[in-house]
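# Tertiary structure, described
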Amino acid sequence: MTDETLRGCGYDRPAPRFEERLALVSRGTPMGECLRRYWHPVGLVGDATEVPRRVQALGEDLILFRDRSGRPGLLHPRCAHRGSSLYYGKVDERGIRCCYHGWLFDVEGHCLEQPCEPGGGKSRRVIRQPWYPVAERYGLIFAYLGPADRRPQFPRYSVLEELSPGEWLEADDSSIGGAGPAIIPCNWLQHFENVVDPFHVPILHGSFSGPQFVSQMAPLPQVDFHTTPRGVMSIQRRPAEGGRTFRRQTEAVLPTLRVVPSPRVGSFQSAEAIGWVLPLDDTHFRIYVVGRVKEPGALAKMRSTFGGRQWTELTEAEHQQMPGDYEAQVGQGSITWHSEEHLTGTDRGIALLRRLLRQQVEVVAQGGNPLGVAFSEAEAKVSLEAGNFLD
Ligand code: FES
Ligand SMILES: [Fe+2]
């Protein structure tokens, strides 16, 4: 017989689960295949140099470098000969040379030299070091990790294409709004969903931890959520001076873009930056941001500070007393247990985003192309509606 006084105790908890088809990103998983139909940032342009650099993307370990002709390359690290790591390779004019027996690979994985073999390796042309196409855009290096016959056009985002006089683009890879380490130890979806969670702003960044943004952001907003041809949008309305309405629009855009106007609300205009959530593996992600700026270092000024200090300068006790996005999202666990959640009406954006993602996973599983991938220059233009506006 059940003892009613013990109902709900921890022992009765069903085994917790997370939704694998949404969370997992490796090759062969449903979401891993869906994400592989899009371009993803894997570094700043300056990260590709003559010194090979380890990078991770979608659960794959990769080597990023730039040959001495200036071409960036992204190769699997295990050398096609006998598996030594190209991390220890040396870059030359035409590619990267493995340290072990000197095989030379170009940025597309062609084997150009096998110095120990007679005649420089007569069958070297059949060798291909696994490689990925890369594109340098907006100050970042993007890679396409999907099937060769599905490589889309590189998208052109209005926020980064339409510059006013005196503006230029700046790229940054520091962290969640600059508040945290560069590599965040939890599942990428926890951050992506946060883009359509405007209700955490007045609580986490307002009443709970003390104002982390400006006063306009403090009131609890009225919010509408809807899906768009590219993702999910939230429209938040807060009362403003003179009986006017402060309308703030944020967008989660597939595959992993956050288009969120500055929470510091400097001026009323369309969003000035795009952030990409790059899943490194199932339990780590990082953020790349590109924004329009008018002064050097302006992107860094958008970062959250805590009583004037950076996140890294806080003590453990201060992290506990003044948590921010990092603590809230990493606090959900390395992959949050979806089976234990209780979504409510204010989580509608999250529900819409998950539904949209499940649909895209299914489309890809059925052999189709997911939302927003374009195969012509005309289709590649993406008009975004995020911004801070005064009505
Ligand atoms: S293992 Fe790379 S050249 Fe032999
Ligand atoms: Fe936040």
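Attention in this report is confined to the structure presented alongside it.

Cut-offs used in this document
Residues numbered from 1 in each chain as written. Chains lettered and ligands numbered in written order. Predicted model: local features only at pLDDT ≥ 70, side-chain atom pairs only at ≥ 80, totals over all residues. Heavy atoms only, no water. Helix = DSSP H or I, 4+ residues; strand = E, 2+ residues; numbered from the N terminus. Rg over C-alpha atoms; globule rule 2.2 N^0.38 Å. Contact = heavy atoms within 4.5 Å. Areas by Shrake-Rupley, 256 points an atom, 1.4 Å probe, with all protein chains shown as cover. Lys, Arg positive; Asp, Glu negative; His and termini not counted. Charge placed at Lys NZ, Arg CZ, Asp CG, Glu CD. Core = buried A, V, L, I, M, F, W, Y, C linked by side-chain atoms within 4.5 Å. Buried < 20%, exposed > 50% of the residue type's maximum accessible area, 1.4 Å probe, protein only. Salt bridge = Lys/Arg side-chain N within 4 Å of Asp/Glu carboxyl O. Donors = N, O, S within 2.8 Å, 3.2 Å for Na, K, Ca; no water. Tetrahedral: all angles 85-135°; square planar, octahedral: opposite > 155°, others 65-115°.

## Some details on the overall build of the protein
From N to C terminus, the protein includes nine helices and 21 strands. Relative to a compact globule of 391 residues, whose C-alpha radius of gyration would be 21 Å, the protein shows 23 Å and is just as compact. Overall, the C-alpha framework of the protein stretches about 80 × 70 × 45 Å when taken along its three principal axes. At a minimum sequence separation of 6, the contacts of the protein that also span at least 24 residues come to 60%. When the accessible area of the protein is evaluated, it comes to approximately 18400 Å², of which 52% is carbon and sulfur surface. Of note, the protein has its 44 positive side-chain charges centred 5 Å away from the centre of its 47 negative side-chain charges.

## Some points on the nonpolar core
Within the largest apolar cluster, 75 residues are counted, with the highest numbers of intra-cluster contacts made by W188, V259, I274 and W276. For W188, the residues in contact, after removing those within four places along its chain, are L22, A23, V25, M31, L35, P255, T256, V277, P279 and F285.

## Topic: the pattern of salt bridges
For the structure shown, the criterion picks out 24 salt bridges. In this structure, the salt-bridge partner of R36 is E60, at a minimum N-O distance of 2.8 Å. Of the two residues, R36 sits in the loop between α2 (30–35) and β1 (39–44) while E60 sits in strand β3 (residues 60–66), which places them 24 residues apart along the sequence. Of the two residues examined, R36 and E60, each falls in the buried class. With a shortest N-O distance of 3.5 Å, E161 and R156 are connected by a salt bridge. Accessibility expressed as a relative area gives 35% for E161, which makes it partly exposed. The exposure class assigned to R156 is partly exposed, which follows from its relative accessible area of 31%.

## As for the coordination of the iron ion (ligand 2)
For the iron ion (ligand 2), the protein coordination sphere consists of H200 (NE2), H205 (NE2), D325 (OD) and D325 (OD), at 2.0 to 2.5 Å. Considering all four donor atoms around the iron ion (ligand 2), the spread of angles at the metal, 56 to 156°, places the coordination shape in the irregular class. Here the donor residues of the iron ion (ligand 2) share one chain and are spaced in sequence as H-x4-H-x119-D. Here D325 lies in helix α8 (residues 325–330) and H205 lies in helix α5 (residues 200–208), a separation of 120 residues in the sequence. Take H205 and D325: they sit in the same class, and that class is buried.

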